[in-house]
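Structural overview
One letter stands for each residue in the lines below.
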Amino acid sequence: MKALAAGSGRLLFLEALLAAFVVYVIYRLVCAHLNEEIVAPDYTYERELPALRGSIYDRYGEEYPLAKSVPVWEYRLDPVSLTNTVVKKRGERRRNKGAIMKTVADALSLDYEKIMNMTDNVKNRYQFLAISSDADANRTICDSKLVAGIAIEDRQIREYLHNRSLCHVLGSVNAEHVGSAGIEQRYNRDLTGIPGKIIGKKDARGRELYDKREISIDPRPGADIYLTIDHNIQSDVESILEKGIKEYGAGSGWCVVMDAKTGAIYALASFPDFNPSEYNKAGDEAKRNRVTNLTYEPGSVMKVITAAAAIDTGLVRPETRYRTNRNDDRYYRLPSDGSHTWEPTMTITDAIVHSSNIVIGKLGVDLGPKKLYEYMCAFGFGKKTGIELPGEEAGILPHWEKWDKVKWSRAPIGQGVSVTAMQLVSAYQAIANNGLRMRPYIIDKIVASDGTEILKNSPEPLGRPISARTARQMRAIMLGVASKNGTARRAAIRGYSVAGKTGTAQKVINGHYSDSLYRATFCGIVPATDPKLVVLVTLDFEQRTKFHQGGNSSGPIFKSIASSALRYLMVEPDRPDEIEEFDSETEFEKFMESRGRKYDIIESDFQE
C-alpha cells in the first residue's frame, strides 16, 4: 500500500508540473499578445536598385559611344539554402538538386558537373558562379519555382569602348562607380542616376522571394554627355603623336586640335596614357593630362604674343627694323641667339621667322613689362581657361611689378613664365579668329534620361586681346616660319598656308636651365588665310637627342595631324596651284626653297 501511495504521489506531482507549464505558456502568449513592444516577425523585403550611369558620346552622339554602363547580375551559389528550400510548381513533384543546377547551368552557360560539385561544399557559402547581362537568364534564375540556392546582386559594368583612347578626357570610375578622373569625375553628379526600389517578401533567412515582389520602381539612369571631340580626328592624333614620340626619342608628348572660330576641342591627346578600365594600375605620370595639368616654360612660341602686343599698341610695324647686336648698352643682359650670325639689322617679321631671342628681347623691353603683362593676361595666361576637365592649372605669370630687369627681356621670349598647352592653343586661337578669343570647351551638351537638356554649350567670347588687323598681320608674319628660311620648314603643308611658330624651351632641372633637355613645340593655324584649325604639338625630351627642336620634331608631327584633319573636314586648299603643280610631298619639299619668293603676302589675302 505504501508503494502504491508513493507511485500516485509521483504521478500527481508530474501532472501538477505539466499543468503549471501549460499555464505558464498560456500566460506568456497572452502577455505577448497584449505587449505592444513585442513585434511579430516581419517578412517584408526592401532593396535599392542601382541606377545606370549615363553614357559619354563624341560629337556624333549615339552612333559613337565612348563610355557606357551595362547592367549585369552577379550570381553566387549557397549550398545551404539549396538544401533547405523546397522548389516546385503547383501540381508537380519537388525538383531535386540536380534539376535545379541543370536549369542554372543552362541559363548561365556553365559546366553542369562543376557546379554540382560546388553544391557539396556546404561550408563554403556564396560561391561565385558568374556575372551576366542576359535578362532572360536572370528571369529564369529569379523564378523560385524553378531555382533555389542562388544569391543575386544587381551590378553594372563601365565599358570604355575604345580602350585607351581619350583616357585623359573620359577619366575613369572606381569600384563604387564614382568618377575618379576626367569627365567622369567632373560631371559625376550628372552621370549618376537616381536609384530604384524593390518591395516584396523574404523568407525566414532574409532572402528575397523573387516571385513575391509587390513594388518595383525602376531606377532613373544618369544624364548622357556629348563631347565636341571628333573620334576620327582623335584617332589620327593619337596614332601620329604616339608614333612621333617614338621616332624622335621623346619621353612624352601632347597635342590639342581646336576649332579656330569657336574654341571647340576636336582632339586632345597626352602620352603616356592609361587604360580607364584599369585606372588603379596606372602610374601617376600616365594619369597626368599634360594638356591641362602641366605647367612649363613655353619658350619661343611666346614671341608671337610679344610681337602681337607691340604691333597692336603701335610701337612697331612688321617691317620695323631692330639691331641684332647683343652687347647693347640700352638693354640689360639680353638673351643670346647662340651660334646664329645675323645681318646688322632685322625686321620684326624676320625676328619671328628666325626666332631671334635678341630682337624679341629688345622689343619686349621697349614695350615695357606693364604693357607686356597686360597683353599676356588678355591672351589668357596666368589664369585657367575654364575647360571642363578637372585639375586644370593656371600657370605662373607674376605681376609685372615683381619682374626684375632680367625678366624684362626674358618673359618676351617665353622664359620665367609658365603656361599650359591649353592656354597656348587658346592664345593662338585668338590670332586665328581675328583677335577674338573664345572660351575653350569640350562639352557640347548634357542631356537627362527624359531628354531634357541640362546644359548646352555654345561659342563664348572671352575678350579681344588684339585688333582684327593685328591678328591678320601676325598670321602674315607667321607664314614665314613654315618656309625654307623659317624654323619649321618641315611643318609646311602642300596646298595650305600655315601660320605657326616653333618653341624649343630649355627644361629647368634643379633650379637651373639644362643645356641638353628641352620641350619642343609647334603651334600652327591652318589655313592661315581663312583659319579652320589651331593645332599644338609638344614633345618632352628626357635625354639628349638631335630632334629636340620644335621645327624638326613637333613640326612634322603637326604637318601629319593637320593634313589629315583638313582632308577629313574637307577644307578647300587656299593654295591649289601647289597641288596642281606638284604630285608628291617630295617634289613640294624641294620647291620650298623658292616658295618664299613665289608668294607675295598681302593683308587682303586674309579673311575679315
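Every residue gets a number counted from 1 within its own chain, in the order that chain's sequence is written. Residues qualify for local features only when their pLDDT is at least 70, as the model is predicted, and side-chain atom pairs are given and counted only at 80 or more; totals for whole chains, interfaces and linings, by contrast, use all residues. Heavy atoms from the whole structure form the basis of all side-chain values; hydrogens and water molecules are not counted.

Some words on the overall build of the protein chain
Applicable threshold: The secondary structure listing takes helices from DSSP runs of H or I that are at least 4 residues long and strands from runs of E that are at least 2 residues long, numbered from the N terminus. Per-residue accessibility, obtained with a 1.4 Å probe over protein chains only, is compared with the maximum for each type, and a residue is labelled buried under 20%, exposed over 50%, and partly exposed between these values. Contacts: residue pairs with any heavy atoms within 4.5 Å of one another. For the area figures, the Shrake-Rupley method with a 1.4 Å probe applies, and any residue is considered shielded solely by the protein chains shown.
Along its length, the protein chain carries 20 helices and 21 strands. A burial count over the protein chain gives 51% of its 608 residues as buried. Relative to all contacts within the protein chain whose residues are 6 or more apart in sequence, the contacts with residues 24 or more apart total 72%. With an accessible surface of roughly 29,400 Å², the protein chain has 49% of that area assigned to carbon and sulfur atoms.

Here we look at the confidence of the model for the protein chain
Defined as follows: Per residue, pLDDT captures the predictor's confidence, and it can take any value from 0 to 100.
Across the protein chain, the average pLDDT comes to 90, with 88% of residues at 70 or higher. Confidence drops under pLDDT 50 across residues 595-603; counting only partners more than four residues distant or on other chains, this segment forms 21 contacts.

Concerning the side chain of Asp224
What counts, and what does not: Neither His nor the chain ends contribute to the count of charged residues, in which Lys and Arg are positive and Asp and Glu negative. Salt bridges are defined by distance alone: a side-chain nitrogen of Lys or Arg within 4 Å of a carboxyl oxygen of Asp or Glu. Within 3.5 Å is the distance limit for a polar contact, defined as a pair of N or O atoms, with the added protein rule that one can donate a hydrogen and the other accept it, and that residues adjacent in sequence qualify only through two side-chain atoms.
Positionally, Asp224 belongs in strand E10 (residues 224-227). Here Asp224 sits buried without a salt bridge, and the closest side chain of opposite charge, Arg158, lies 7.2 Å off (N-O distance). A distance of 2.8 Å separates a polar side-chain atom of Asp224 from the backbone nitrogen of Ser55. When near neighbours in sequence (up to four residues on either side) are disregarded, Asp224 contacts Gly54, Ser55, Tyr57, Lys445, Ile446 and Val447.

Side note on the sheet that holds strand E1 (residues 44-49)
Inclusion rule: Strand pairing follows a simple DSSP-based rule, namely that at least 2 bridges must link the two strands. Axis lines are fitted to C-alpha atoms, over the contacting stretch for helices. Their N-to-C directions set the angle, which ranges from 0 to 180 degrees.
Ordered by their spatial adjacency, three strands build an open sheet running E1-E8-E9, and the pairing between neighbours is antiparallel. The sheet terminates laterally at E1 and strand E9 (215-217), the two strands that pair on one side only. For this sheet, the mean inter-axis angle between neighbouring strands, taken without regard to orientation, is 15°. With six bridges connecting them, E1 and strand E8 (residues 196-201) associate as antiparallel partners. Bridge pairing in E8 places Tyr45 opposite Gly200.

A closer look at the environment of Thr292
Topologically, Thr292 is positioned in the loop between helix H10 (284-287) and helix H11 (303-313). Separated by 127 residues in the primary sequence, Thr292 and Val419 place their C-alpha atoms 9.4 Å from one another. With residues near it in sequence (within four places) discarded, Thr292 still touches Ile387, Leu389, Gly391, Glu392, Glu393, Thr420 and Met422. A distance of 3.3 Å separates polar atoms of two side chains, one belonging to Thr292 and the other to Asn289. A polar contact is formed between the side chain of Thr292 and the side chain of Asn293, at a distance of 2.6 Å.

Description of the packing of aromatic side chains
Here a ring pair, both rings aromatic, is described through the centre-centre distance and the interplanar angle of the planes. Our working definition: Centre distance within 6.5 Å is the pairing criterion for rings of Phe, Tyr and Trp, where only the six-membered ring of Trp is used; planes under 30 degrees apart are then read as stacked, over 60 as edge-to-face, and the remainder as tilted. Only Lys NZ and Arg CZ are tested; either one counts as a charge over a ring when it is within 6 Å of the ring centre and within 35 degrees of the ring normal.
Throughout the structure, instances matching the rule amount to six aromatic pairs. Between Phe522 and Phe558, the aromatic rings sit 4.7 Å apart at their centres with planes inclined by 55°, giving tilted as the arrangement. Separated by 36 residues along the polypeptide, Phe522 in strand E20 (residues 512-526) and Phe558 in helix H18 (residues 554-568) bring together distant segments of the chain. On the basis of relative accessible area, Phe522 is assigned to the buried category, the value being 0%. Using a relative accessible area of 0% as the deciding quantity, one classes Phe558 as buried. The ring of Tyr60 has Arg59 lying over it, and the distance from NZ or CZ to the ring centre is 5.7 Å. Over the ring of Tyr279 we find Lys287; its NZ or CZ atom is 4.3 Å from the centre of that ring.

Some remarks on the pairing of E8
As paired elements, E8 and E9 share three bridges and run antiparallel to each other. Bridge assignment links Lys197 to a residue of E9, and that residue is Ile217.

Brief notes about the nonpolar core
Condition: To form a nonpolar core, buried Ala, Val, Leu, Ile, Met, Phe, Trp, Tyr and Cys residues must be joined to one another through side-chain atoms within 4.5 Å.
If you look at the biggest cluster of nonpolar residues, it comprises 120 residues, and the most contacted ones within it are Ile183, Leu227, Val257, Phe381 and Phe558. Not counting residues within four places of it along the chain, the set of residues in contact with Leu227 comprises Ile56, Tyr57, Asp58, Arg59, Leu66, Val169, Leu170, Ile183, Ile442, Ile443 and Asp444. In terms of nonpolar packing, the next biggest core, distinct from the first, is built from 22 residues, Val104, Ala105, Met118 and Val147 among them.

Description of unusual backbone geometry
Cis peptide bonds are those with omega within 30 degrees of zero, and the linkage from Phe271 to Pro272 qualifies with 5°. By the secondary structure assignment, Pro272 is in the loop between strand E12 (265-271) and H10. A cis amide bond links Val526 with the next residue in sequence, Pro527, at an omega value of -20°. Secondary-structure assignment places Pro527 in the loop between E20 and strand E21 (533-540). Even without being glycine, His177 reaches a positive phi, approximately 65°. Along the polypeptide, His177 turns up in the loop between strand E6 (172-173) and strand E7 (179-181). Its identity as a non-glycine residue notwithstanding, Arg333 has a phi of 45°, on the positive side. Along the chain, Arg333 falls in the loop between strand E13 (321-323) and strand E14 (345-347).

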